[in-house]
Amino acid sequence: MRKEYLMTPGPTPVPSEVLLAQARPMIHHRTPLYTKILVTVTEDLKYIFQTKNDVLIFASSGTGAMESAIVNLFSADDKVVVTSNGKFGNRFIKLAEAFGLTVIKLEYEWNEVINPDDIKKLLEKDENIKGVLVVHSETSTGILNDIKTIGDIVKDYPAVFVVDSITGIGAVEVRTDEWHLDVVVTGSQKGLMLPPGLSCVSVSEKAWHAVENSTLPKFYFSYKKSRESFHKAFPQNPFTPPVSLIIGLSEALKMMRDEGLENVIKRHAVLAEATRAGVKAVGLELFAPPEGRGSAVTPVKVPEGIDGKAIVKIMRDKYGITIAGGQDHLTGKIFRLGHLGYYDRFDIVTSIAGLEMTLAELNYEFERGVGVKAAEEVFMENPL
Ligand SMILES: Cc1ncc(COP(=O)(O)O)c(C=O)c1O
């Protein structure tokens with residue numbers, strides 16, 4: 001018998017409560033029963049996004065939601081600032097370019113945090129900038145960008161602030177209204193503890209004004225269509241929604257409400273701290289700088305003389321622990337331990353133990369057990 005452990009920053013493990021909810025007999029999406037579920041789910045999402053704004057749901061992965069923001073807010077040739085300090089920032093650049101926007105790229109090294117002042121300087125220079133697009137939790141590097149400070153800057157300019165918080169929502173604080181985040185996107189297979197296939201987007205009043213002026217073609221991802229359907233006498237989706245995923249989401253959100261958002265965020269912070277303590281005790285170096293470490297994923301530098309791809313392979317093939325490798329130019333140079341969503345203390349202990357056994361097999365020199373002990377200490381000092 002072999003047990004599998006999914007320790008990647010998405011897809012993430014799905015609780016059995018959610019799996020069972022998804023296995024319920026199918027219901028029709030134009031019925032009072034579905035309406036009731038959709039309304040509850042939307043209210044619960046507002047709680048998680050900390051917003052009074054509309055929250056729309058689409059049948060897509062996170063990238064679809066990123067695309068939806070571009071086609072709904074902008075017109076061809078609109079000037080936008082897109083920041084990038086990793087793979088998903090680069091994806092935002094590619095998406096904006098694919099739709100004919102004029103992209104001012106603000107690019108950083110992958111181990112750097114985005115500097116909000118750089119955004120301010122650009123906005124100050126050019127009042128025609130229509131949007132600022134930022135990845136909050138950059139999953140490829142574990143870096144958490146400071147969207148609070150950026151939101152505080154962008155609010156004083158005509159530009160709308162679009163945030164990819166695909167691995168931020170449900171793991172770290174996202175105060176959509178208080179931080180002036182105009183559009184926030186997330187995907188289901190991350191902190192929301194669902195299978196892939198569903199995305200959620202919050203849209204502020206300022207963003208709705210941008211929607212009014214946007215002329216890029218849109219149909220399936222139309223924010224207006226989605227809002228109109230939701231505001232009918234019987235709230236619904238414009239097209240057949242992924243009913244089972246939405247029923248699963250209602251269960252996941254109930255679990256998050258029961259735990260309390262503050263505790264969900266605290267749990268992620270403690271899991272991240274224990275993971276960092278574990279890998280540091282083993283003698284490994286963290287990839288993300290101290291000023292920008294998130295709680296979704298811990299990227300770790302592969303030590304000199306060790307094959308980074310072998311770490312991922314041995315953990316998966318020998319021990320059943322699936323972790324993520326580095327992406328693009330970081331392939332083989334870092335590996336990433338996920339702790340986003342349905343995780344608790346002993347998932348972390350398992351992954352650190354598996355890592356220690358793997359490193360020992362690869363002849364990396366360290367005292368076995370020190371990583372697990374360091375993680376345990378964090379948990380004993382921070383009861384969850
Ligand atoms: C920060 C971030 N943005 C975008 C994406 C892309 O989302 P998806 O793979 O769901 O399309 C991911 C997925 O890992 C992500 O972590």
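Placed above this text is the structure.
We now turn to the structure provided with this report.

Rules used throughout
- Residues numbered from 1 in each chain as written.
- Predicted model: local features only at pLDDT ≥ 70, side-chain atom pairs only at ≥ 80, totals over all residues.
- Heavy atoms only, no water.
- Buried < 20%, exposed > 50% of the residue type's maximum accessible area, 1.4 Å probe, protein only.
- Helix = DSSP H or I, 4+ residues; strand = E, 2+ residues; numbered from the N terminus.
- Pairing = 2+ DSSP bridges.
- Salt bridge = Lys/Arg side-chain N within 4 Å of Asp/Glu carboxyl O.
- Near = heavy atom within 4 Å.
- Polar contact = N/O pair within 3.5 Å; in protein donor to acceptor, adjacent residues only side chain to side chain.
- Areas by Shrake-Rupley, 256 points an atom, 1.4 Å probe, with all protein chains shown as cover.
- Nonpolar A, V, L, I, M, F, W, Y, C, P; charged D, E, K, R; others polar.
- Phe/Tyr/Trp six-rings, centres within 6.5 Å; stacked < 30°, edge-to-face > 60°.

### Examining the pairing of strand β10 (residues 199–203)
At step 1: For β10, the tally of buried residues reaches 5 of 5 residues, placing the bulk of the element in the interior.
At step 2: Alternating residues of β10 divide into Ser-199, Val-201 and Val-203 and Cys-200 and Ser-202, and every residue in both groups is buried.
At step 3: As paired elements, strand β2 (residues 54–58) and β10 share 5 bridges and run antiparallel to each other. Its bridge partner lying in β10, Leu-56 is registered against Val-201.
At step 4: Pairing analysis gives 5 bridges linking strand β9 (residues 183–187) to β10, with the strands arranged antiparallel. Following the sheet pairing, Val-183 is matched in β10 by Val-203.

### What to know about the pattern of salt bridges
At step 1: By the definition in use, this model includes 20 salt bridges.
At step 2: With a shortest N-O distance of 3.7 Å, Asp-156 and Lys-155 are connected by a salt bridge.
At step 3: A single network of salt bridges, built from pairs that share partners, joins Asp-152, Lys-155 and Asp-156.

### Quick word on the site of the ligand
At step 1: Surveying the vicinity of the ligand reveals 14 residues, the closest of which are Ser-61, Thr-63, Thr-139, Asp-164 and Lys-190.
At step 2: Interatomic distance of 2.8 Å between a backbone N/O atom of Gly-62 and an oxygen atom of the ligand.
At step 3: Taking Thr-63, its side chain carries an N or O atom lying 2.5 Å from an oxygen atom of the ligand.
At step 4: When the ligand sits alone it has 390 Å² of accessible area, and the protein chains cover 88% of it.
At step 5: Among the elements of the structure, α3 (62–73) and α4 (87–98) are those that each provide at least two residues to the shell around the ligand.
At step 6: Take the shell around the ligand: its biggest share by element is 3 residues, from α3.
At step 7: Across the shell around the ligand, the residue classes tally to 4 nonpolar, 7 polar and 3 charged.

### Some details on the packing of aromatic side chains
At step 1: Tallying each qualifying case throughout the model produces 7 aromatic pairs.
At step 2: Note on Tyr-220 and Phe-221: the rings are 5.6 Å apart at their centroids and 75° apart in plane angle, and the pair reads as edge-to-face.
At step 3: For Phe-221, a relative accessible area of 16% corresponds to the buried category.
At step 4: Judged by centre distance (5.2 Å) and plane angle (15°), the rings of Tyr-220 and Phe-239 are stacked. With Tyr-220 in the loop between α7 (205–213) and α8 (223–230) and Phe-239 in the loop between α8 and α9 (243–259), this pair connects stretches of sequence that are 19 residues apart.
At step 5: Note on Tyr-220: relative accessible area 39%, which makes it partly exposed.

Function cannot be read off these values alone, since they describe shape.
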